[in-house]
Amino acid sequence: MELIGQIRQHASRFPHRIALEGSTGEISYAELAGMVERLARQLHQQRVHTLAMALDNGPAWVVLDLAALHAGLCLIPLPPFFSTAQVRHALAVSGAQALVTDQAGRLGSCLDLPAPGEPLDVAGQAVDWIDLADSDRRVPGDVCKITFTSGTTGEPKGVMLGWQHMRPVVRSLSDVVEVTARDRHLVLTPLAVLLENIAGVYVSLWKGATVIAPGSAEVGLAGSSGLDSPTMTAALHRHRASTAIFSPHTLQGMIETIESGQPAPSYLRFGAVGGAPVSPRLLQRADRLGLPIFEGYGLSECASVVCLNSVRHKRPGTVGRPLPHVRIHLTRTGEVQIDGAGFAGYLGETAPPPQSWASGDIGSLDEDGFLSLRGRQRDIFITAFGRNVSPAWVEHELTLEPAIRQAAVFGEAMSCNVAVIHPAAGATSATLAAAFRKVNARLPDYARIAGWITSTDPFTPSNGLLTGTGRIRREAVQRRHRQQIEDFYQKEHAS
């Protein structure tokens, strides 16, 4: 069944049950069904097939997403943490014919966009509609969403998804998490992130629960890394949230807030955490506080969640068991291969994706089917905010600056990134600081460098920090500067 069909059923049986809450008020299931159908008709009249969206969290985001899905459009949600260059790339390669946004002034000046047309009323919020230059690019007809990765290079890849790819995840998660109409799901991450969009919103609406979608600032979010933990923890209390999705960083913030004396959210029954590796010590702290936190694992190419611990099946130290529609096996090298979940392919590539997806993650399965992860096969790290960063990309940007001769970047599972650099001859602290400011201005916030460590010795094959072909041996650099890196993060954490 389509998602709108489920919403209609809930509206027919319980018309006054609240589907959506936001800063502008409450929307019942009957009102939501009507809003989605009316907006879908309006979108049809606009004669667009590919629509981009850059909106803050809120009911308008959810209603527009549902209307595009119902209308058969392809929607491109633009994450708030994307740089201007990444937004420009996403609009260009997708062939988006229009952009709906509440940030027309900022985006218009950065991207040189046309002036907005007549505003569109979405869930009582006036949002700007901007017509874009028509393109001959067309996505396959069954693709209803393109989610862009957070940028393993400067130009993120577009993962194409149809409802047929998302529906199994929605159904499996609703069963595993045991979602009911009594649940109240609080949105704590950007809705443009696939995990919140599918596992948070779609799963809740599928089961007739209430989705609470305040603006990002109302739950303490700013960009992809700014966090006001007391505000987020208070929001969980205020909204009586029973379910929520955390990143390792937001979970750590909530735990520290509670440990400092603020009450734990008493209504929370299921807090999922994922998007990046989670420290076992952090999960132990959550357990000591009595917080119901369940670690999971997923990929955009699998329409988000693949494995999840649950109330009935929980094993600390693992990312849980595969969802009912998923099958996992390991190659001889230990790489996690995923069957039963899929996507329509990458935007701009004609080759269909393989039936068995090679995740790039190394893991092991125990006798009960719980998956443990040991690291990533590819040279990419994931920050504590769940953003993919290619160190080679950032290192290239750094070494474009004359003051920086060599650089190795680190940030796996951390809230900020650090670089070990070998400066050019004559570089001073002032010129290095200026170089980092210039580079950070070009990068999206999740890839920026918070500080640097100076290596007096260059990276060379003779000292083991460089391969014979000139590639940095990052593990060797990290080992050599381990104490300095640890000292940097301890100082950052203390501040």
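Small disclaimer: the values here were computed from a predicted structure and weren't measured.

Right, let's get into the overall build of the chain. When helices and strands are counted, the chain shows 14 helices and 28 strands. Taking 495 residues into account, the globule formula puts the C-alpha radius of gyration at 23 Å, and the chain, at 23 Å, falls close to it. Taking the principal axes of its C-alpha atoms as reference, the chain extends roughly 70 × 55 × 45 Å. Burial analysis of the chain (495 residues in total) assigns 56% to the buried set. In the chain, of all internal contacts separated by at least 6 residues, the share reaching a separation of at least 24 is 66%. As displayed, the chain has an accessible area near 21000 Å², and 50% of this comes from carbon and sulfur atoms. Where the 45 positive side-chain charges of the chain centre and where its 46 negative ones centre are 3 Å apart.

By size, the foremost hydrophobic cluster in this structure holds 85 residues, and its most contacted members are Leu32, Tyr202, Leu205 and Ile338. Among the elements that line this core, the one with the most residues is helix H3 (residues 59-71), at ten residues. Look past the residues within four positions of Leu205 in its chain and what remains in contact with it is Ile7, His10, Ala19, Tyr29, Leu32, Val62, Leu66 and Val211. Ranked by size, the runner-up nonpolar core spans 44 residues in total, among them Val87, Ala96, Leu107 and Leu132.

Turning next to the sheet that holds strand E1 (residues 18-22). Read across the open sheet, the nine strands follow the order E2-E1-E11-E10-E14-E15-E16-E17-E18; overall the sheet is mixed. Two strands in the sheet have a free side with no partner beyond their single neighbour: strand E2 (25-28) and strand E18 (321-322).

Compared with an ideal rise of 1.5 Å per residue, which puts 17 residues at 24 Å, helix H2 (residues 29-45) spans 25 Å between its outermost C-alpha atoms and is within 8% of the ideal. What H2 keeps buried is the set Tyr29, Leu32, Ala33, Gly34, Val36, Leu39, Ala40 and Leu43.

Analysis parameters
- Residues numbered from 1 in each chain as written.
- Predicted model: local features only at pLDDT ≥ 70, side-chain atom pairs only at ≥ 80, totals over all residues.
- Heavy atoms only, no water.
- Helix = DSSP H or I, 4+ residues; strand = E, 2+ residues; numbered from the N terminus.
- Rg over C-alpha atoms; globule rule 2.2 N^0.38 Å.
- Buried < 20%, exposed > 50% of the residue type's maximum accessible area, 1.4 Å probe, protein only.
- Contact = heavy atoms within 4.5 Å.
- Areas by Shrake-Rupley, 256 points an atom, 1.4 Å probe, with all protein chains shown as cover.
- Lys, Arg positive; Asp, Glu negative; His and termini not counted.
- Charge placed at Lys NZ, Arg CZ, Asp CG, Glu CD.
- Core = buried A, V, L, I, M, F, W, Y, C linked by side-chain atoms within 4.5 Å.
- Pairing = 2+ DSSP bridges.
- Expected span 1.5 Å × (residues − 1).

Just geometry here; none of it tells us what the structure is for.
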